[in-house]
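Below are the chains, spelled out letter by letter.
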Amino acid sequence: MCGIVGYIGNGNVYDVLIKGLQRLEYRGYDSAGIALLTPDNKINVYKTRGKVSALENFCRDKNTESRLGIAHTRWATHGEPTDNNAHPHYSEDGNLALVHNGTIENFKVLKDALQQHGVHFHTETDTEVLVQLIEFIKVQNSCSLLDAVREALKQVVGAYAMAVIDKNEPDQIIAARKSSPLVVGIGDDEMFLASDATPFVDHTKNVVYIDDEHIAIIRKGEPLRIVDFENKESKVSVKQLEWSISQLEKGGYPHFMLKEIFEQPETLRDCIRGRAVADQGKVILNGVLSNSEKFLNANRIIIVACGTSWHASLLGKSLIQQFCRIPVDVEYASEFRYSKPVITDKDVVIAVSQSGETADTLAAIQIARDKGAFVYGISNVVGSSIAREADSVLYTQAGPEISVASTKAMCSQMVIMALIALYYGQRKGLLDAKTRHEALAALHGLPKQIEDALPAMRETAQMLSPLYASAHSFFYLGRGHAFPLALEGALKLKEISYIHAEGYASGEMKHGPIALIEPEFPTFALAFNDALFPKVKSNIVEVQARRGPVIALANPGADLHVEHLWTIPSAWGPFNAFLALPAMQLFSYEMADYLGKDVDQPRNLAKSVTVE
């Protein structure tokens, strides 16, 4: 949520910043703004409620000539999404302009103190407090912008990524972070600043990830400097991006979500490559080899995640318990930190986050480490906070995911969970050679299976969408390995079509929810050809007895008589989930598209949730 872009260089500053904001639109936002330092050292701030396109229209007749600038997309926390509350924010004397992601928890205390010193505020935001505080310290102490930022941040409680410019110290951007992502791109005689690398991936592949409680000093014509809050120099570690510009474009698809659904076969290939050796019946996970004993000797596994990652984790629990015979708990990261969790140094915690920046998941990691637990991180982003905070990390290799509604991220997380389960089942001697070979052969076959099935899946979803688009509510039912998929299917429908949907374990339907069944209340049932099929079939009959229409997602040969039988290919054992996932994603996508919704940027949602 929210996005920061900054630029110093010889290019067109305004164009770089606007294009960067457009690249960050996937993060979710409700207003946008830009601050430009003119050649004669004045700061022009232009901001407006709405999309980046609205900001572009607003700036058409404005002076956008600039030597450097910062820009922002805001997702409202303190104060409504208005023009006035949009970032960037000025200091009272107009010398400073600042953008900020995150939440300043003690902003009220700081604001009251500043007001007692005669400082006037013009917005409802916590962010304005930060820029006013920096200016106050700078004036009171007659110090540099860097020193003022260092002292101000020592007083701030909360999470933030921020960037500030000063018209009295031109050719410089000062940026800092704590629990909110920030990355610097280093080009030829130019430097970029952003919440992630997407705004500048077509300009440079050289990136520096800023660590928590560190400050980046970005000056024109000088090397990047990084210091901590005590002004101690830190090493500048340059890493290479592997993303390409083509991954950030729609490639002929009408929406990023549809493109990313169809990218899942390649995502699977990338995630499996080098990790699953089918002809040897082995799983090789270099990221955990040196820490295997921690897992093998663990009393239990605790998986912490949020949203779609939590659903992937539920499937992971099922697989790990099945193949490794280790007790597994799956916790909402947002609840974990407040539940007084009982953790010991004999536990292993697996933290799952697509962005690697989810605030609640990062907080859960800190609790786990404080208790002595070993932490595995599962993330899609190299250099992310979770990747740095965890004791060991496995990358999902999904590439950039632009649509707010996650698709290929869950697919890749499910693969990682399957690989972990197979690896440790193999290490513990609980999987015989035949089972290992079958499982790994099935994993290698999944990309082609899904690739071949996707066109027909989309045709079915397109056929069903006009028939069910008038529904106000949906049930999603599944048992065993299908239960997490039912939860995810319901979430996707809610996220992008705004149709209320609830996912249930099929056997729980009769414990209350069945009272809602009626002809206008459809059910989407997952009915795989496994040992639980007879029970799922029984649940479907219960729905039909109350005249509820049913879409059944089933494998070939399923003995079901429902309104719409949607047949998808079978896979080995629990891997049916990998075929069901894109089918449900496509159903949600086509429903939302038919209803005319903003598929890639659904209302009120953000891609990376970096506040609690």
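As shown above, the structure is provided for reference.
This text gives an overview of the structure that appears in the document. Keep in mind that what you see is a predicted model, and the values were worked out from it rather than measured.

1. Comments concerning the overall build of the protein chain
Here comes step 1: Regarding its fold elements, the protein chain presents 17 helices and 27 strands.
Here comes step 2: Here the C-alpha atoms of the protein chain give a radius of gyration of 25 Å, agreeing with the 25 Å that 2.2 N^0.38 yields for 612 residues.
Here comes step 3: When the backbone C-alpha atoms are referred to their principal axes, the protein chain occupies close to 80 × 55 × 45 Å.
Here comes step 4: Here the protein chain holds 612 residues, and 61% of them are scored as buried.
Here comes step 5: A sequence separation of at least 24 residues applies to 71% of the contacts in the protein chain between residues at least 6 apart.
Here comes step 6: Here the protein chain has roughly 22900 Å² of accessible surface; of this, 48% comes from carbon and sulfur atoms.
Here comes step 7: Side chains of the protein chain give 60 positive and 73 negative charges; the mean places of these two sets differ by 4 Å.

2. Brief notes about the sheet that holds strand E24 (residues 500-505)
Here comes step 1: As summarised here, the arrangement of the 5 strands in space is E24-E23-E25-E26-E27, forming an open sheet in which the pairing is parallel. Each end of this open sheet is capped by a strand with a single partner; those strands are E24 and strand E27 (564-567). Each strand axis lies, on average, 20 degrees off the axis of its neighbour in the sheet, ignoring direction.
Here comes step 2: Looking at chain direction, strand E23 (residues 473-478) and strand E25 (residues 523-527) are connected through 3 bridges and run parallel. From the neighbouring strand, Phe475 faces E25, where its bridge partner is Thr523.
Here comes step 3: Of the strands in this sheet, E23, strand E26 (550-554) and E27 touch helix H14 (residues 433-468), which is tilted by about 160 degrees from E27.
Here comes step 4: Each of E23, E24 and E25 is contacted by helix H15 (residues 482-497), which is oriented at about 175 degrees to E24, the strand it contacts most.

3. Some points on the pattern of salt bridges
Here comes step 1: Evaluated as defined, the whole model comprises 33 salt bridges.
Here comes step 2: For Lys62, the salt bridge is made with Asp61, and the minimal N-O distance between the two is 3.1 Å.
Here comes step 3: A relative accessible area of 29% means that Lys62 is categorised as partly exposed.
Here comes step 4: Note on Asp61: relative accessible area 65%, which makes it exposed.
Here comes step 5: The partner of Lys537 in a salt bridge is Asp559, and the shortest N-O contact between them spans 3.0 Å. Taken together, the residues span a long stretch of sequence, with Lys537 in helix H16 (residues 533-545) and Asp559 in the loop between E26 and E27 at a distance of 22 residues.
Here comes step 6: Here Asp559 falls in the partly exposed class, since its relative accessible area comes to 42%.
Here comes step 7: Salt bridges sharing partners connect three or more residues here, namely Asp147, Arg150, Glu151, Lys154 and Glu230.

4. A word on the packing of aromatic side chains
Here comes step 1: Tallied over the entire structure, the rule returns 20 aromatic pairs.
Here comes step 2: Consider the rings of Phe474 and Tyr476, whose centres lie 6.1 Å apart with planes at 45 degrees: the pair is tilted. For the pair shown, Phe474 and Tyr476 are each scored as buried.
Here comes step 3: By way of ring pairs, the aromatic residues Tyr468, Phe474, Tyr476, Phe524, Trp566 and Phe587 are connected into one cluster.
Here comes step 4: Between the NZ or CZ atom of Lys111 and the centre of the ring of Phe121, over which it lies, the distance is 5.2 Å.

5. Overview of the side chain of His100
Here comes step 1: Counting through the fold element by element, His100 comes out in strand E6 (residues 96-104).
Here comes step 2: There is a polar contact of 2.7 Å between the side chain of His100 and the side chain of Thr127.
Here comes step 3: When residues no more than four places from it in sequence are discounted, the contact partners of His100 are Ile4, His72, His87, Asp126, Thr127, Ala159, Tyr160, Ala161 and Met162.

6. Notes on the environment of Val157
Here comes step 1: Tracing the sequence through the fold places Val157 in the loop between helix H5 (145-155) and strand E7 (158-166).
Here comes step 2: Classification of Val157 as partly exposed rests on a relative accessible area of 42%.
Here comes step 3: Here the alpha-carbon distance between Val157 and Gly185, two residues 28 residues apart in the chain, equals 28 Å.
Here comes step 4: Beyond its immediate chain neighbours, meaning those up to four positions away, Val157 contacts Thr103, Ile104, Glu105 and Asn106.

How each quantity is defined
- Residues numbered from 1 in each chain as written.
- Predicted model: local features only at pLDDT ≥ 70, side-chain atom pairs only at ≥ 80, totals over all residues.
- Heavy atoms only, no water.
- Helix = DSSP H or I, 4+ residues; strand = E, 2+ residues; numbered from the N terminus.
- Rg over C-alpha atoms; globule rule 2.2 N^0.38 Å.
- Buried < 20%, exposed > 50% of the residue type's maximum accessible area, 1.4 Å probe, protein only.
- Contact = heavy atoms within 4.5 Å.
- Areas by Shrake-Rupley, 256 points an atom, 1.4 Å probe, with all protein chains shown as cover.
- Lys, Arg positive; Asp, Glu negative; His and termini not counted.
- Charge placed at Lys NZ, Arg CZ, Asp CG, Glu CD.
- Pairing = 2+ DSSP bridges.
- Axes fitted to C-alpha atoms, helices over the stretch in contact; angles between N-to-C directions.
- Salt bridge = Lys/Arg side-chain N within 4 Å of Asp/Glu carboxyl O.
- Phe/Tyr/Trp six-rings, centres within 6.5 Å; stacked < 30°, edge-to-face > 60°.
- Lys NZ or Arg CZ within 6 Å of the ring centre and 35° of its normal.
- Polar contact = N/O pair within 3.5 Å; in protein donor to acceptor, adjacent residues only side chain to side chain.

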